[in-house]
Amino acid sequence: MSKPETPSLPDQHAFHEHLRALTRSAVRVVIEEVMREELEQFLGAAWGESTPERKGYRNGTYTRDLATSSGPIEDLRVPRDRDGDFHTQVFDRYSRYEPHIAEGLTQMFVAGVSTQKVGEVAETLTGVAPSAGSVSRLNHTLTHQFDAWRERPLQEHWRILYLDGVYFTARHGDQTDSTVLLTALGVDLEGNKEVLALRACAEESKDGWSCLLHDVRQRGATQIDLIVTDGHEGILSSVAALFAATPRQRCVVHKQRNVMNAIPHRERKEVSTELSGIFKQEKKEDAVLNLTAFKAKYQKRYPEAIRSLCEDEEHLLTYYDFPLVMHRYIRTTNAIESFFSNVRQRTDQIDAFTTETSCLTIVWATMQDIHLPRIPVS
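Computed from a prediction, not measured in an experiment: that's the story for all the values here.

A. Broad picture of the nonpolar core. Counting 55 residues, the largest nonpolar core has Tyr162, Phe340, Val363 and Met367 as the members making the most contacts within it. Looking at which element gives the most residues to this core, the answer is helix α14 (residues 356–367), with seven residues. Each residue touching Met367, except ones within four places of it in the same chain, is listed here: Trp149, Val195, Leu198, Phe339 and Val343. Of all hydrophobic cores here, the second largest spans 20 residues; its members include Leu163, Val180, Leu213 and Ile224.

B. Spotlight on the packing of aromatic side chains. Scanning the entire structure with this criterion turns up nine aromatic pairs. Cluster of aromatic residues (ring-pair linked, three or more members): Phe146, Trp149 and Trp364. The positively charged end of Arg344 is found above the aromatic ring belonging to Phe168, 4.4 Å away from the centroid.

C. Here's a closer look at the environment of Glu233. Here Glu233 shows up in helix α7 (residues 233–242). C-alpha of Glu233 to C-alpha of Glu204: the two residues are 29 residues apart in sequence and 9.2 Å apart in space.

D. Looking closely at the environment of Leu185. Checked against the element boundaries, Leu185 lands in strand β4 (residues 175–187). For Leu185, a relative accessible area of 1% puts it in the buried group. In this structure, the C-alpha to C-alpha distance between Leu185 and Val228, residues 43 residues apart in sequence, is 9.8 Å. Those residues within four positions of Leu185 in sequence are excluded, and the remaining contacts are Ile160, Leu161, Tyr162, Lys193, Glu194, Val195, Ala335, Ile336 and Leu372.

E. Layout of the sheet that holds strand β6 (residues 223–229). Pairing is mixed across the open sheet formed by five strands, whose spatial order is β5-β4-β3-β6-β7. At either end of the open sheet lies a strand with only one pairing partner, and these are β5 (193–201) and β7 (248–250). When the angles between neighbouring strand axes are averaged without regard to direction, this sheet yields 25°. Running at roughly 165° to β6, α7 makes contact with β3 (157–172), β6 and β7 of the sheet. Where α14 meets the sheet, its contacts fall on β3, β4 and β5, and the angle it forms with β5 comes to roughly 170°.

F. Fine view of α14. Relative to the 16 Å expected for 12 residues at 1.5 Å per residue, α14 spans 16 Å between its end C-alpha atoms, a close match to the ideal helical length. Of all 12 residues making up α14, 10 are buried, and the element is well covered by its neighbours. Within the sequence span of α14, burial applies to Ser358, Cys359, Leu360, Thr361, Ile362, Val363, Trp364, Ala365, Thr366 and Met367.

G. Structural detail: the packing of helix α8 (residues 252–260) against helix α11 (residues 303–310). The N-to-C vectors of α8 and α11 enclose an angle of 160°; their axes lie 8 Å apart at closest approach. Taken as axis vectors, α8 and α11 run roughly antiparallel relative to one another. α8 and α11 meet at a crossing whose hand is right-handed. Here α8 contributes Lys255, Asn258 and Val259 to the contact with α11, which in turn contributes Ala305, Ser308 and Leu309.

Thresholds applied
- Residues numbered from 1 in each chain as written.
- Predicted model: local features only at pLDDT ≥ 70, side-chain atom pairs only at ≥ 80, totals over all residues.
- Heavy atoms only, no water.
- Core = buried A, V, L, I, M, F, W, Y, C linked by side-chain atoms within 4.5 Å.
- Buried < 20%, exposed > 50% of the residue type's maximum accessible area, 1.4 Å probe, protein only.
- Helix = DSSP H or I, 4+ residues; strand = E, 2+ residues; numbered from the N terminus.
- Contact = heavy atoms within 4.5 Å.
- Phe/Tyr/Trp six-rings, centres within 6.5 Å; stacked < 30°, edge-to-face > 60°.
- Lys NZ or Arg CZ within 6 Å of the ring centre and 35° of its normal.
- Pairing = 2+ DSSP bridges.
- Axes fitted to C-alpha atoms, helices over the stretch in contact; angles between N-to-C directions.
- Expected span 1.5 Å × (residues − 1).
- Parallel < 35°, antiparallel > 145°, perpendicular 65-115°, else oblique.
- Left-handed = near helix turned anticlockwise from the far one by under 90°.

Given below as structure tokens:
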């Protein structure tokens, strides 16, 4: 008697593909059933039912494709109503991906992964490679979230407000150019840091800073104990116009850079040590004495350096009017520079943002996962 033949088993790849196909079939059935129930609840009546609560009528279905973690589902039947008001909650209206997949692709893009690489990963996971336009549409949700963030109300009283511009590269047509993100970073009365506003501009200007500060005031932040800035004329003019009564601290790091630009390289080390020592004194009286001595020592040798030092001099030592524990945190705008150094670790993989809007939204989305350490405020 001949032995019965043992049926051959499919290889692992074929077996997994078979399981994925079965899963897609099940997912199709579930999604279409859920959408039919959604439409029934939306209309307030089942198929052929007449009720006082009915709000409309069915109008057949249309088909669309949907990328899922089990692979692409083609010709998914989506029900619709006669007036076109019904929108399923199963997926976004114009999305071709399950919500968790769309979110994952968006987060890859935010993390600095190139559009091409996003497409390769998506194709591996779902069997469908998104176009650059598809990735762009996925990020529309980020734009909506960013718009809600930038319009949120702010609390009235802030201990510190840091202002500075941070430069990125964005495309303008066929060319790439610098885009500056004007940034307002606030510190509340408990020492918690929060980015209050962002504004993209081609360059720093009085108009740009005025718009940003006006926005901060309009959203409720009207009482600020100290504003820390560099020496940009646009910032200074805007602060003087909109927060005239608020004490201002000129960033001593920016000031030292300006002064040292007028000092020969061979003497910069010695002069820099003397200059930085002025701002590290515990008492204001000692800082004033050191500042006076420094100006007297170098007035004739380096008049341009001293001229630069004397510009906005009345705001160089404002931090001494605040508790000693705060001095190291409020005599510079390093809070913003330090924060954006963390942002750049993720965004530097993006050679150039496609638009100023994408620069704003991606930088903002990246910010959400970065912890801002508290600082002492009293």
